[in-house]
Amino acid sequence: KKACPVLLSNGNLVSKGELPDNRHFTEWQDPFKKPSYLFAVVAGDLGSISDSFKTMSGRNVALHVYSEKHNVDKLAHSMDSLKKAMKWDEDTFGREYDLD
């Protein structure tokens, strides 16, 4: 847990907890089938920034962008690009973000 305090994957975080020997876990559920090359697992000592995006139906979605801790001050551009891409998907294809 000390070496990898952040555990990330695809989908919605459904549970997390502590394990023996100073370990921990997270469980993720992605309700949409994807090919294996789109599956991701990340574990590390990361920093992040957070923001939110309001979808076209008015739902607020939490957004998080991660990097090595010494690069957190460089993440604002990534967050801005993410929000613009989400808006473009909605405007162009009528596709609303589909995770929680």
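Above this text you will find the structure in question.
All values derive from a computational prediction rather than experimental measurement.

**Q** Just checking my understanding: could you explain the side chain of Thr55 for this structure?
**A** Mapped onto the fold, Thr55 is located in the loop between strand E5 (46-54) and strand E6 (60-68). Polar side-chain contacts of Thr55 include one of 3.0 Å to the side chain of Glu96.

**Q** Looking at this structure, I do not really get the nonpolar core. What am I missing?
**A** Soluble globular proteins: nonpolar side chains tend toward being buried together. Ranked by size, the top nonpolar core spans seven residues in total: Phe53, Val61, Leu63, Val65, Leu75, Met79 and Met86. The greatest single-element share of this core, amounting to three residues, is contributed by E6. Residue contacts for Val65: discarding those within four places in its chain leaves Gly47, Ser48, Ile49, Leu75, Ser78, Met79 and Leu82.

Here is what the cut-offs are and how they apply
Within each chain, residue numbers correspond to sequence positions counted from 1 in written order. Residues qualify for local features only when their pLDDT is at least 70, as the model is predicted, and side-chain atom pairs are given and counted only at 80 or more; totals for whole chains, interfaces and linings, by contrast, use all residues. Side-chain calculation: all heavy atoms of the structure are included, whereas hydrogens and water are not. Helix and strand definitions follow DSSP, with helices as H or I runs of at least four residues and strands as E runs of at least two, each counted in order from the N terminus. Polar contact is defined as a pair of N or O atoms within 3.5 Å, subject to the rule that within protein one atom must be able to donate a hydrogen and the other to accept it, and that residues adjacent in sequence are counted only when both atoms are side-chain atoms. Only buried residues count toward a nonpolar core. Its members are Ala, Val, Leu, Ile, Met, Phe, Trp, Tyr and Cys residues joined through side-chain atoms within 4.5 Å. A 1.4 Å probe rolled over the protein chains alone gives each residue an accessible area, and that area as a share of the maximum for its type sets the label: buried under 20%, exposed over 50%, partly exposed in between. By the convention used here, residues are in contact when the closest approach between their heavy atoms is within 4.5 Å.

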